[in-house]
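This is what each chain is made of:
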There are 2 protein chains.
Amino acid sequence: MLELRHLRSLQAIQQCGSLARAAEQLHLTQSALSHQIKALENYYETSLFLRSTKPLSLTSAGLKLRDLAERILPEIELVDGQLRRHALGTSGRLYISIECHACFEWLIPVLNQYRHRWPDVDIDIRLGLSFEPIAALQKGEVDLVISSDLQTHKDLCFEPLFDYEAQLALAHDHPLTVKDYILPEDLADQTLVTYPVDRKRLDVFSRFLQPANVEPGQVRQAELTAIILLLVSTLKGVAVLPDWVLRESMSHNHLTTRPLGAQGMHGTLHAAVRKVESKAAYIQGFIDLGRMALK
Amino acid sequence: MLELRHLRSLQAIQQCGSLARAAEQLHLTQSALSHQIKALENYYETSLFLRSTKPLSLTSAGLKLRDLAERILPEIELVDGQLRRHALGTSGRLYISIECHACFEWLIPVLNQYRHRWPDVDIDIRLGLSFEPIAALQKGEVDLVISSDLQTHKDLCFEPLFDYEAQLALAHDHPLTVKDYILPEDLADQTLVTYPVDRKRLDVFSRFLQPANVEPGQVRQAELTAIILLLVSTLKGVAVLPDWVLRESMSHNHLTTRPLGAQGMHGTLHAAVRKVESKAAYIQGFIDLGRMALK
DNA sequence: ATAGATAATGAGTAAACTTCATTGTTTTCA
DNA sequence: TGAAAACAATGAAGTTTACTCATTATCTAT
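Conventions and cut-offs
- Counting restarts for each chain: residues are numbered from 1 in the order of the written sequence.
- All chains are assigned letters beginning with A, and all ligands numbers beginning with 1, in the order in which they are written.
- pLDDT decides what is reported in this predicted model: residues at 70 or higher carry local features, side-chain atom pairs at 80 or more are listed and counted, and totals for whole chains, interfaces and linings draw on all residues regardless.
- For the side-chain quantities, the full set of heavy atoms in the structure was used; hydrogens and water were omitted.
- Residues are classed as near a molecule or strand on a simple rule: at least one heavy atom within 4 Å of it.
- Polar contacts, as used here, are pairs of N or O atoms within 3.5 Å; protein pairs need one atom able to donate a hydrogen and one able to accept it. Residues neighboring in sequence count only if both atoms are side-chain atoms.
- Strands are runs of DSSP state E lasting at least 2 residues, helices are runs of H or I lasting at least 4, and numbering of each runs from the N terminus.
- Residue type decides the class: Asp, Glu, Lys and Arg count as charged, Ala, Val, Leu, Ile, Met, Phe, Trp, Tyr, Cys and Pro as nonpolar, and the leftover types, Gly among them, as polar.
- The start and end points of each domain follow an automatic or database-based domain assignment.
- To sort residues, take the accessible area from a 1.4 Å probe on protein chains only and compare it with the maximum for the residue type: under 20% means buried, over 50% means exposed, and anything in between is partly exposed.
- Note on contacts: a residue pair is in contact if any heavy atoms of the two residues lie within 4.5 Å.
- Buried area is a sum: the accessible area each of two parts loses on coming together, probed at 1.4 Å, counted once for each and added.
- Salt bridges are defined by distance alone: a side-chain nitrogen of Lys or Arg within 4 Å of a carboxyl oxygen of Asp or Glu.

Caption draft 1: Spotlight on the protein's contact with DNA strand D. Around DNA strand D lies a shell of 17 residues, among which T29 and S31 of chain A together with L19, A20 and R51 of chain B are the nearest. Contact between DNA strand D and L19 of chain B: a phosphate oxygen at 2.8 Å from a main-chain N or O atom of the residue. K38 of chain B is positioned with one of its side-chain polar atoms (N or O) 3.4 Å from a phosphate oxygen of DNA strand D. Counting only elements with at least two residues in the surface near DNA strand D, the list comes to α3 (30-44) of chain A together with α2 (19-25) and α3 (30-44) of chain B. It is α3 of chain B that provides the largest number of residues to the surface near DNA strand D, a total of 5 residues. Classifying every residue of the surface near DNA strand D gives 5 nonpolar, 9 polar and 3 charged.

Shown next, in the form of structure tokens:
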């Protein structure tokens, strides 16, 4: 059966013009090469070289194989090289799935840095809207999931990135600004602006309103953080957003913030990765940058 | 080291979704495949499959290799197939070199037949003007040489095709038509029209005029047989051409022919091929057709 | 003719690949 | 939930394959 070894040998012989020198180049003995070629000639029942010419030349069959080698070996080398670097951890695939849109705020700058430090890694961001990010991670469709809820999982590990506090954003002159902190009941007659995702993925609902069995007066959805903030100020609505988003945006929009509950609603953002890859340099490189994102 | 075997396995596993079925398809045991993949994973220090998913899915490294496989294996299969047919003798390369232009007259019809009978053979005709056809045959640049002089050669063999007689073509009303056969001295005051090749390649000179130490009155050259015949009739010149050319052309051009010498100048056309390939079906196929060319 | 270089060959050895037999997982279905 | 079924991993043994060594054959060139 034809193997790459044969193509590599053929190419070397053709380049060197003699078995002896080709063998040297391939770190083989001349004998080994001779046997190898003979085996190949037996396999195809055709001679591949014209033995009687001084600088060993190829028959038409040999030419066919050499042309094949010239077409294919460079491709092989390319992929082979990538995979070797993959082992060193300097090359790899990093498809990131984020569950919350707000993450763009810190993720984009982080990825810009990352790109320069890890040029051999191919990066992509996949919004975790239409599919289950954790399941996709398991299946190998994505390589890293940004998630706020820590799970224990056989094949995955969750690396903490940084803590955050989800706060209520509201207009300067909103009635609720009189309160030092917000209780679930306070939102019963408010217009809540959220990202357009399932309620169970939104901390406001899962950790704040639903436990108290409170339904907000109205719910509006918007894709982009900037739009959400805009709606909050123009509609006199409210939105729950992580502090890293609010830190910069408040002043621009005449907004202010209040904690949710007396203690505030705190959380930790995690990077979930597959255990087998968790120690890879290019993965840890991302996590390290992520941890410094807000500092 | 990466080998085609690995790519073939990878592709099979991916298609089948499980080692067990892939192993069957590859005529291997499940164990063998498992070991093979493990070896590959060790080599790259990376896992290629996500073992925890039901229909075994690939890691990004595995995907890279599978993509490589999908790109490369079809090409391999193609060439491999050609070479297998090559062994059967139904596929191969037939670059023909002819020394005399006159051969076109019978060669073109022969090749037209040949093409249909041997569709997998790639055919080419190379005029043996600027290079030595026999040397080119040895070097593997061409695969068959049509030659009139039989040589004995270590690596080559000369298969006789058919006998011919070289005759003098001359106009109906040419003075020499009074003679039953032509002697060298008869051409001393004649205009001889020849193909534009070296004198030693022309039978008129090498076998007729030079042995008698006779120089023709004038020599004109023309590429095409039709032009030569035209010149013979218009210039009242003479030309020496093989009988297969003259047989059809005489009447059209108001020409007639005379033998050279009392016995006529006879020769045999040969197909020279390399001994290693001489028994190949597609070579013999050509020779067989060549032998019937004039019948 | 005689080196000198190169390829072919045969036998022995080392390595690679496969299989066998078994254990460890995961999935599925009662 | 537990047990059977399907599948993958593993280790040791066996087999094949590929390689090396030593030698012979062939060709080239002075």
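More follows now that the structure is in view.
Caption draft 2: The protein's contact with DNA strand C, seen in detail. With respect to spatial proximity, 20 residues lie near DNA strand C, and among them L19, A20 and R51 of chain A together with R5 and S31 of chain B are the closest. Close to the protein, within 4 Å, the atoms of DNA strand C are drawn from sugar and phosphate at a rate of 55%. The side chain of Q30 of chain A places a nitrogen or oxygen atom 3.0 Å from a base nitrogen of DNA strand C. At a separation of 3.4 Å, a base oxygen of DNA strand C approaches a polar side-chain atom of H35 of chain B. Elements that contribute at least two residues to the surface near DNA strand C include exactly α2 (19-25) and α3 of chain A together with α3 of chain B. When residues in the surface near DNA strand C are grouped by element, the largest group, 5 residues, is from α3 of chain A. Here the residues of the surface near DNA strand C are counted per class, giving 5 nonpolar, 10 polar and 5 charged.

Caption draft 3: How the structure looks around the domain arrangement of chain A. Per the domain assignment, the segments of chain A are domain 1 (4-88) and domain 2 (93-295). Spacing between the C-alpha centres of domain 1 of chain A and domain 2 of chain A amounts to 56 Å.

Caption draft 4: The arrangement of the environment of L224 of chain A in detail. All names here are of chain A. For L224, the position within the fold is in the loop between β8 (218-221) and α8 (225-235). We classify L224 as exposed; its relative accessible area is 55%. Taking C-alpha positions, L224 is 22 Å from F208, a pair spaced 16 residues apart along the chain.

Caption draft 5: Up close: the interface of chain B and chain A. The partner chain A presents 44 residues to the 44 residues of chain B that form the contact. Note on chain B versus chain A: buried area summed over both sides is about 3800 Å², and carbon and sulfur give 57% of it. Contact with chain A buries area across many residues of chain B, yet Y44, K64 and L83 of chain B alone supply 15% of it, more than any other trio. R5 of chain B is the partner of E3 of chain A in a salt bridge, and the nearest nitrogen-oxygen pair spans 3.8 Å. Of all the secondary structure elements, the ones that give two or more residues to the side of chain B that touches chain A are α1 (4-16), α3, α4 (60-88) and α6 (133-139) of chain B.

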